[in-house]
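Structural characterization, general
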Amino acid sequence: MIQLPLRRIALAILRNQAHRLLGGIRRGGHRTAAWSADERRAHGERIHQALAPFVGDVSGQTGLEIGPGDNLEVCRQFLDAGSTRMLAVERYARPPDDDGRVAVLRSPIEQMDLHEEVDFAYSNDVFEHVANVPSAMRAIFAALKPGGRLVCSIDLRGHNVFNLPDRPLDFLSCPDWLWQLMFSHVATTNRVRPHEFLDAAVAAGFEVKEAVALDRADPAYVASVRPHLLKRFQRLSEGELSILQYLLVLQRPAAQGSQVASAA
């Protein structure tokens, strides 16, 4: 059951095919170029305030932002907090306001080559868009120094035409064949679920320090939509299925042989 008007489905398919004919995905990431400087700064401050406590003291450290879109304000917040150098990897958007304090690499996360190690890394609403989560986890693990930390906030709601605040899990009912027709060449959610992010992190070598649900869907809605989801999503526990915003705090072991912590 897909509770979308046929017109919206048809328009999504047409948009996707237009992207395909024009050479694929042309843009993604956070888009704030049209905002005022104050709005962009406030946006970065909110993200920094949410993630910084889990990153810890960054004095004298080199950091990496994964997927900043067109706004480097979060990087600047970490520089102001004492980081000596910030890098950013962004596949799509070219940040329009780079003041030379942040080195920007335009690359898919899975293929990034920083030519240096970083002390910490973070992302905000990015990992739900990654094409190959295991490869991305391995790439970030390789970029971190031993003991380095990765903090990810992941948006597990529907995107694009499935951005439905009252029905945030309806997108999990869309058949894979139709999903491909609608989104194969559009930046959208990868439909990866929490346990898959955890499994990829542990397989890459990370210790899981925290795995926390920051927001959940209404239980009554989850119960009503579950019978209509694809089978692989129906099999998820209520606790996992209901997660809408997910926080992962991961750490590269300081030395080989460190024990992987269990996730909550």
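Reference entry: report on the structure contained in this document. (Residues numbered from 1 in each chain as written. Predicted model: local features only at pLDDT ≥ 70, side-chain atom pairs only at ≥ 80, totals over all residues. Heavy atoms only, no water.)

1. Quick word on the overall build of the protein
For the protein, the helix and strand inventory stands at nine helices and seven strands. Against the compact-globule benchmark of 18 Å for 264 residues, the protein has a radius of gyration of 19 Å, which places it among compact chains. Along the longest, intermediate and shortest principal axes, the C-alpha atoms of the protein span 55 × 40 × 30 Å. Relative to its 264 residues, the protein shows a buried fraction of 50%. (Helix = DSSP H or I, 4+ residues; strand = E, 2+ residues; numbered from the N terminus. Rg over C-alpha atoms; globule rule 2.2 N^0.38 Å. Buried < 20%, exposed > 50% of the residue type's maximum accessible area, 1.4 Å probe, protein only.)

2. With respect to the packing of aromatic side chains
Counted according to the given criterion, the structure contains nine aromatic pairs. Residues Phe78 and Phe120 carry aromatic rings whose centres are separated by 5.2 Å and whose planes lie at 45 degrees to one another, so their mutual orientation is tilted. Here Phe78, found in helix H3 (residues 73-80), pairs with Phe120, found in strand E4 (residues 118-124); they are 42 residues apart in sequence, far enough to count as distant. The exposure class assigned to Phe120 is buried, which follows from its relative accessible area of 1%. (Phe/Tyr/Trp six-rings, centres within 6.5 Å; stacked < 30°, edge-to-face > 60°.)

3. A look at the sheet that holds strand E6 (residues 207-216)
Each strand in a sheet pairs with its neighbour through backbone hydrogen bonds, running either in the same direction (parallel) or in the opposite one (antiparallel). Read from one edge to the other, the open sheet built from seven strands follows the order E3-E2-E1-E4-E5-E7-E6, with strand pairing classed as mixed. One side of each edge strand has no neighbouring strand; the edge strands of this open sheet are strand E3 (102-105) and E6. The mean inter-strand angle of the sheet, taken between neighbouring strand axes irrespective of direction, is 15 degrees. In the sheet, E6 pairs with strand E7 (residues 243-251) via eight bridges, with the strands oriented antiparallel. By the bridge assignment for E7, Glu210 is matched with Val249. The strands touched by H3 within the sheet are strand E1 (62-66), strand E2 (85-89), E3 and E4, with E2 carrying the most contacts at an inclination of about 160 degrees. (Pairing = 2+ DSSP bridges. Axes fitted to C-alpha atoms, helices over the stretch in contact; angles between N-to-C directions. Contact = heavy atoms within 4.5 Å.)

4. So, helix H2 (residues 37-55)
Between the first and last C-alpha of H2 there are 26 Å, a value that for 19 residues agrees with the 27 Å anticipated at 1.5 Å per step. The set of residues buried in H2 consists of Arg40, His43, Gly44, Ile47, His48, Leu51, Ala52 and Val55. Phi turns positive, to about 90 degrees, at Gly56, one or two residues after H2. (Expected span 1.5 Å × (residues − 1).)

5. A look at the pattern of salt bridges
Using the criterion set out here, one finds 11 salt bridges in the structure. Two residues, Asp80 and Arg101, come together in a salt bridge whose shortest N-O distance is 3.9 Å. Of this pair, Asp80 sits in helix H3 while Arg101 is found in the loop between E2 and E3, placing the two residues 21 residues apart along the sequence. For Asp80, a relative accessible area of 57% corresponds to the exposed category. Asp176 is the salt-bridge partner of Arg232, the closest N and O atoms lying 2.8 Å from each other. With a gap of 56 residues between them, Arg232 in helix H8 (residues 231-234) and Asp176 in helix H5 (residues 176-183) connect regions that are remote in the sequence. Of the residues examined, Arg232 reaches a relative accessible area of 37% and is grouped as partly exposed. (Salt bridge = Lys/Arg side-chain N within 4 Å of Asp/Glu carboxyl O.)

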